[in-house]
Every structure is written in structure tokens, then in C-alpha cells.
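# Observations on chain architecture
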Amino acid sequence: MRETRVSKKDNLFASSRFVLPEHRELYARIKEEERRYVPPQLDQEQLGEMSERVWQAYQTGSGLTLTYYDGQQPRLLSAHVVHIDREKRRIKLRAGTDVHWISFARLLHVEVASGF
């Protein structure tokens, strides 16, 4: 019968004889953070274009399809702009009966929807 070996590189904990629970938790937390989504940094030109599209949709009553960062991952939303709060730098959107407040800082991409 052939013996299966696990290299230390492949599995740190399987190769160790003794691992403290705190170390196992720390290792799991580090691995989770490595998989976490990090939103891209947008330049001033991209931010200006998105702001212009939001303003255009608000003025014309057109719908928007936007991608925003919800704190964990990117989300897609199709909605109408109800209000632009310049002081708090956020927009109020209505998607059907749902209302969403989204900060401009969380926007990743904005498109004016045609025939929305």
C-alpha cells in the first residue's frame, strides 16, 4: 500500500504536530482577507464622467445601470435617480418599490440605460 504524503508547503497545519487554536484562526483570517475584493481606485476623469452620467439621467428621467461596491463585493443595480445629495455626496435611487442611497465614493461604473 502506498503512503500519501502532504508537503509542508501544501498544508501547513497537516504537517505540524501541534498547532495552537489561535494560530489556526489567524491563518484562516489571513487567507480570508487575501480573497476579499478590493475596489479599483478611479481617477478624476472617470469620476467626472460618472457624475455627468448621473446628472444626465436625473435631468432626463432616464434609468441608470450602475456597479457599486457594497463593502464586500461589487453589485449591479438598474434604477432611476430620485435625488442627488451634493452635501453628503450620495444619490437616491428607485428600483421598482425599493429605494437605495449610494455614496458617490462607492460607484465603480455608471451607464445611462436606453429604453429603461
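Rules and cut-offs
- Residues numbered from 1 in each chain as written.
- Predicted model: local features only at pLDDT ≥ 70, side-chain atom pairs only at ≥ 80, totals over all residues.
- Heavy atoms only, no water.
- Buried < 20%, exposed > 50% of the residue type's maximum accessible area, 1.4 Å probe, protein only.
- Helix = DSSP H or I, 4+ residues; strand = E, 2+ residues; numbered from the N terminus.
- Pairing = 2+ DSSP bridges.

- The protein has the name YolD-like family protein in an unreviewed UniProt entry, where Brevibacillus choshinensis is given as its organism.

## Points about the pairing of strand β1 (residues 63-69)
- Counting buried residues in β1 gives five out of seven residues, a clear majority hidden from the surface.
- Pairing between β1 and strand β2 (residues 74-85): seven bridges, direction antiparallel. Residue pairing in the sheet places Y68 in a bridge with R75 of β2.
- Where β1 hands over to β2, the hairpin turn is made up of four residues, of which G71 adopts a positive phi near 105°.
- In this sheet, strand β5 (residues 107-113) lies alongside β1 in antiparallel orientation, the contact comprising six bridges. Across the sheet, the residue bridging to T67 is H109, located in β5.

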